[in-house]
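What follows is each chain in one-letter form.
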Amino acid sequence: MATSEAGGRVAPVLVFACGNPSRGDDALGPAFIDRVEALLADEIRQGELELLTDFQLQAEHALDLVGREQVVFVDASVACAAPFTWTEVQPARDVTWSTHVMSPAAVLATFRAIDDREPPPCRVLAIRGQAFELGAPLSAPAADHLAAAVDFFVGWLAARAGGRAAAGAAAADESRRG
């Protein structure tokens, strides 16, 4: 697990990956975190990005959303199109008998229930996997999908940061005029 290192300030962007590194392509989430951590070490150190990983989402993870501007959930999927899908997620209760495993939508619904406000904007980055056997390594197609997903995310984060920098410069310019 990697975290923001910005001395008490909550990083505006949280990436939360799920998966089991011992189950073949189920390792896509943790592998995503490992690659992003290496590529975006400066952003993590500066407190702009926080990375978390766990085997599965649980109700307690709703607390990790507090103070965020954007949350991205990353997980392997056999149902998404290759190489990955990038979708917005809204709060929704899961129709399950247990809180042992939750969907990102259910985590958002839990946040709304405990914090009495809307959760931050959230997206799911589902990376296509195909082989989930215990003890198996990441499959070659999944490794290719992972590389595409990491490239996409790094570009998205850079565009987001550029947009924030431009908005900040415009606000500073407006305050100087005003």
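All values derive from a computational prediction rather than experimental measurement.

A. How the structure looks around the overall build of the protein. The helix and strand inventory of the protein stands at four helices and five strands. A fraction of 78% describes how many contacts in the protein between residues 6 or more apart in sequence connect residues 24 or more apart.

B. Highlighting the environment of Gln 130. The topology assignment puts Gln 130 in the loop between strand E5 (122-128) and helix H4 (140-177). Judged by its relative accessible area of 52%, Gln 130 is exposed. Sequence spacing of Gln 130 and Ala 142 is 12 residues, and the spatial spacing of their C-alpha atoms is 7.2 Å.

C. The sheet that holds E5, seen in detail. The mixed open sheet is built from five strands, whose spatial order is E2-E1-E3-E5-E4. Of all strands in the sheet, those bounded by a partner on one side alone are strand E2 (49-54) and strand E4 (84-89). In this sheet, neighbouring strand axes are inclined to one another by 20 degrees on average, regardless of whether the strands run parallel or antiparallel. Bridge analysis of strand E1 (residues 13-18) against E2 gives six bridges, and the strand direction is parallel. In the sheet register, Val 15 faces E2, and the bridge partner there is Leu 51.

D. Main features of unusual backbone geometry. Ala 82 connects to Pro 83 through a cis peptide bond whose omega is 0 degrees. In this structure, Pro 83 sits in the loop between strand E3 (70-77) and E4. Of note, the phi angle at Asp 116 is positive, near 55 degrees, even though the residue is not glycine. Here Asp 116 shows up in the loop between helix H3 (104-115) and E5.

E. Just H3, in detail. Compared with the 16 Å implied by 1.5 Å per residue over 12 residues, the 16 Å span of H3 between its first and last C-alpha is a close match. Of all the positions in H3, only Ala 105, Ala 106, Val 107, Leu 108, Ala 109, Thr 110 and Phe 111 are classed as buried. Check the buried side of H3 and you find it contacts E3, E4 and E5.

F. Local environment of the pattern of salt bridges. Tallied over the entire structure, the rule returns six salt bridges. Across the pair Arg 68 and Glu 50 runs a salt bridge, and its minimum N-O distance is 2.7 Å. Remark: Glu 50 occurs in strand E2 and Arg 68 occurs in the loop between E2 and E3; sequence separation between them is 18 residues. With relative accessibility at 13%, the residue Glu 50 sits in the buried group. The salt bridge partner of Asp 115 is Arg 117, with a shortest N-O separation of 2.5 Å.

Reading the values: rules and limits
Residues numbered from 1 in each chain as written. Predicted model: local features only at pLDDT ≥ 70, side-chain atom pairs only at ≥ 80, totals over all residues. Heavy atoms only, no water. Helix = DSSP H or I, 4+ residues; strand = E, 2+ residues; numbered from the N terminus. Contact = heavy atoms within 4.5 Å. Buried < 20%, exposed > 50% of the residue type's maximum accessible area, 1.4 Å probe, protein only. Pairing = 2+ DSSP bridges. Axes fitted to C-alpha atoms, helices over the stretch in contact; angles between N-to-C directions. Expected span 1.5 Å × (residues − 1). Salt bridge = Lys/Arg side-chain N within 4 Å of Asp/Glu carboxyl O.

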